[in-house]
Amino acid sequence: MEQFYLENIPKYHSLVGALDPCPKPRISKGVPGPNMVVSARIRPRPKNERFPSATFPRSNQENVLDIHDLYNHPRGIPILRSNNYEVDRLFHANSTTEEIYEDLVANLVPFAWDGGIGTLFAYGQTGSGKTFTVSRLEELVAETLMSGNLEGEREIYMTIIDLAGNAAFDLLSNREPISLLEDSSGNTQMVGAVEHQVFNMEDMRALIEQATPFRRTAPTLKNPTSSRSHAICRIRIWNGADCSDGSLYLIDLAGSEAARDVATHGADRMLETRQINVSLSVLKDCIRGKALADTVTSLDREKLGRKLPHIPFRQSALTRVLKHVFDPAGARACRTVVIACINPSLADVGPTKNTLRFAEMLRVLEPATNETSADRTSAIQWTNTQLREWIRANCGTPAILDRVVAPRESGAQLFKLSSIEIEYRCRQCPGVKLEQAKAFRCKLWQMYIVS
Ligand SMILES: Nc1ncnc2c1ncn2[C@@H]1O[C@H](COP(=O)(O)OP(=O)(O)OP(=O)(O)O)[C@@H](O)[C@H]1O
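Residues numbered from 1 in each chain as written. Predicted model: local features only at pLDDT ≥ 70, side-chain atom pairs only at ≥ 80, totals over all residues.

Here's the deal with the overall build of the chain
Logical step 1: A count of helical and extended segments in the chain gives 15 helices and 21 strands.
Logical step 2: Across the 451 residues of the chain, 35% fall into the buried class.
Logical step 3: If you take every contact in the chain between residues at least 6 apart in sequence, the share linking residues at least 24 apart comes to 69%. (Helix = DSSP H or I, 4+ residues; strand = E, 2+ residues; numbered from the N terminus. Buried ≥ 20, exposed ≤ 12 C-beta atoms within 10 Å, placed from the backbone. Contact = placed C-beta atoms within 7 Å.)

Shown next, in the form of structure tokens:
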């Protein structure tokens, strides 16, 4: 395949050059919830890269990117295959890790300081920049924690472990094996892992440096020192005043490898790849389940009888360590940030599309309104006049009839509770009602006030 790409680079440039520079905007299906941000980082192309970039962030939509792949058509004429993906926050090749920290991670630190659980995952293909990103973020977190700007006195403890398959090792004790066991209260304990108390920035930096050489690595086609295990840095913040603690988990996941890149692996490496893929798949199910569970309010449960989704956190060592993050019965406040790292090269277009597909699956969107679930609950009390005002203020763009009110996703739940009659109609063909539009697989319906 790489040979095919190399032979057709001029063709690729001409096909991409002929595309509309401002493609039709992608219609967003909602806004990200407050407790989960899914972002993507495009790493810069290496200086000696032979392949062109296949990743094109849109100029008219900041968090959308197009991926153009070259396809070897059976008739012999290469054609372009294009896909677009949306994330909550997209970082371009020239973005710095400091910018990512400010945008996504900085708010996790005071959150954990006040007793919450902040978790950051970086995942992606081997060589896409996960370790590069997470190791700098660890330093920046350490700087903020030790800056003295956070209110109150806390004790800070650090543990760094790695997970290879279902085995766990303490990276701060010469990679001694540890056990993951559940205690009587159902919490997963890292039995045998030493927690180190840290007092300043130097202590934290020294522990991070101490752990690095113990991480399991092996060469892959894309990265000569690829991490072949999941590294978890846990920072526990103990508040002696009220005997509570908060935690920060910074996780550099093992890189996934494309099927064709593992063809030369022996049995051990194949097993390792399979274990990595299984744990990443369970992690994906857990993150998604957790994010969906967060959208089910207590009101939904009481009045609508909605059940919490199943979260399979017991199926892998990685998600067992993070049980308190995923457990639907857990009462701890959690915030999660996901960074999908991608390599822009045309040669890596397949794995890049997989990574972004995975990122899109993790996104759980809420209706596109500025209100929280609590606000929506109180909206039940609104009068029709207030409701009309709200609809006008939140109207979709551009209105095709003066009675168009809002995109379908805006506050649908709210409208059902009011006495104003609302109807969905297709935006392109206003005569068509929702059921007909559905039958035609039309996704462009909008809401109208009909009374
Ligand atoms: N944003 C970036 N800017 C500059 N160099 C980068 C960037 N991202 C990655 N690199 C470089 O790319 C190489 C591979 O990065 P890294 O080891 O972080 O990949 P990885 O995703 O952790 O790979 P693996 O899963 O195989 O461990 C490193 O030499 C790193 O310095």
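Now, onward.
Notes on the environment of Asp348
Logical step 1: Along the chain, Asp348 falls in the loop between strand 17 (334–342) and helix 11 (349–362).
Logical step 2: Classification of Asp348 as buried rests on a count of 24 C-beta atoms within 10 Å.
Logical step 3: Measuring from C-alpha to C-alpha, the distance between Asp348 and Tyr12 comes to 15 Å, with 336 residues separating the pair along the chain.
Logical step 4: Excluding residues within four positions of it along the chain, Asp348 makes contact with Gln125 and Asn343.

What about the UniProt feature "binding site: ATP" (unreviewed entry) in the chain?
Logical step 1: If you check UniProt for "binding site: ATP" (unreviewed entry), the listed places come out as Gly124, Gln125, Thr126, Gly127, Ser128, Gly129, Lys130 and Thr131 in our numbering.
Logical step 2: Relative to the elements of secondary structure, Gly124 occurs in strand 7 (residues 117–124).
Logical step 3: A residue is classified by how many C-beta atoms lie within 10 Å of it, and Gly124, with 28 of them, is buried.
Logical step 4: Setting aside chain neighbours within four positions, we find Gly124 in contact with Lys130, Gly255, Ala340, Cys341, Ile342 and Thr355.
Logical step 5: Here Ser128 shows up in the loop between strand 7 and helix 5 (130–145).
Logical step 6: Given 27 C-beta atoms within 10 Å, Ser128 falls into the buried group.
Logical step 7: Those residues in contact with Ser128 that sit more than four places away from it in its chain are Arg43, Gly255, Cys341, Ile342 and Asn343. (UniProt positions renumbered as here; feature names shortened; annotations may be inferred.)

With respect to the site of the ligand
Logical step 1: Looking at the ligand, there are 16 residues lining it, with Thr126, Gly129, Thr131, Ser226 and Gly255 nearest.
Logical step 2: Of all elements in the fold, only helix 5 and strand 14 (226–227) reach the threshold of two or more residues within the shell around the ligand.
Logical step 3: In terms of residues, the shell around the ligand owes the most to one element, helix 5, which gives three residues.
Logical step 4: Looking at side-chain class alone, the shell around the ligand contains three nonpolar, 11 polar and two charged residues. (Near = placed C-beta within 6 Å. Nonpolar A, V, L, I, M, F, W, Y, C, P; charged D, E, K, R; others polar.)

Considerations on unusual backbone geometry
Logical step 1: Unlike most non-glycine residues, Asn174 shows phi in positive territory, near 50 degrees.
Logical step 2: Residue placement: Asn174 occurs in the loop between strand 9 (167–170) and strand 10 (176–182).
Logical step 3: Positive phi, normally seen in glycine, also occurs at Arg175, with a value near 60 degrees.
Logical step 4: In this fold, Arg175 is placed in the loop between strand 9 and strand 10.

A few points about the sheet that holds strand 5 (residues 79–86)
Logical step 1: Across the sheet, which stays open at both edges, the three strands sit in the order 3-4-5 with antiparallel pairing between neighbours. Strands with a single pairing partner mark the edges of an open sheet, and in this sheet they are strand 3 (55–57) and strand 5. For this sheet, the mean angle separating the axes of adjacent strands, direction not counted, is 25 degrees. (Pairing = 2+ DSSP bridges. Axes fitted to C-alpha atoms, helices over the stretch in contact; angles between N-to-C directions.)

Overview of the pairing of strand 17
Two faces make up the sheet, and in a regular strand the side chains alternate between them.
Logical step 1: With eight of its nine residues buried, strand 17 lies for the most part within the structure.
Logical step 2: Direction of pairing for strand 2 (residues 36–42) relative to strand 17: parallel, over a ladder of seven bridges. Considered in strand 17, the bridge of Val38 is made with Val338.
Logical step 3: As judged from the eight bridges shared by strand 7 and strand 17, these two strands associate in the parallel manner. Of the residues in strand 17, the one forming a bridge with Ile117 is Cys334.

A closer look at the environment of Gly192
Logical step 1: Take Gly192: it is sitting in the loop between strand 11 (188–191) and strand 12 (196–198).
Logical step 2: Once the C-alpha coordinates of Gly192 and Ile161 are considered, the two residues, 31 residues apart in sequence, prove to be 11 Å apart.
Logical step 3: If we ignore the near neighbours within four places in the chain, the residues touching Gly192 are Asp170, Glu176, Ile178 and Ser179.

Regarding the pairing of strand 9
Logical step 1: Note that strand 8 (residues 155–164) and strand 9 share four bridges and pair antiparallel. Considered in strand 9, the bridge of Leu163 is made with Ala168.
Logical step 2: Counting the residues that bridge the hairpin from strand 8 to strand 9 gives two residues, and of these Gly165 lies at a positive phi of roughly 65 degrees.
Logical step 3: Between strand 9 and strand 10, which pair antiparallel in sequence order, lie five residues; one of them, Asn174, sits at a positive phi of approximately 50 degrees.

Digging into helix 6 (residues 201–211)
Logical step 1: Looking at helix 6, one finds that the buried residues are Met204, Leu207 and Ala211. Buried residues of helix 6 fall within an arc of 65 degrees about the axis and therefore sit on the same side. Those residues of helix 6 that are exposed and angled more than 90 degrees off the buried face are Glu202 and Glu209.
Logical step 2: Elements in contact with the buried residues of helix 6: helix 5, strand 8 and strand 12. (Arc of directions from axis to C-beta.)

Digging into the packing of helix 5 against helix 6
Logical step 1: Running from amino to carboxyl end, helix 5 crosses helix 6 at an angle of 160 degrees, the nearest separation of the two axes being 9 Å. Put simply, helix 5 runs roughly antiparallel to helix 6. Note that helix 5 runs across helix 6; the crossing there is right-handed. Of the residues in helix 6, those touching helix 5 at Glu138, Glu139, Ala142 and Glu143 are Met201, Met204, Arg205 and Ile208.
Logical step 2: Of the residues in the contact of helix 5 with helix 6, the class split is four nonpolar, no polar and four charged. (Parallel < 35°, antiparallel > 145°, perpendicular 65-115°, else oblique. Left-handed = near helix turned anticlockwise from the far one by under 90°.)

A look at the environment of Val198
Logical step 1: In this fold, Val198 is placed in strand 12.
Logical step 2: In this structure Val198 comes out as buried when scored by C-beta crowding, with 20 C-beta atoms within 10 Å.
Logical step 3: A sequence separation of 23 residues divides Val198 from Arg175, and the C-alpha atoms of the two residues are 20 Å apart.
Logical step 4: Beyond its immediate chain neighbours, meaning those up to four positions away, Val198 contacts Ile156, Met158, Asp203, Met204 and Leu207.

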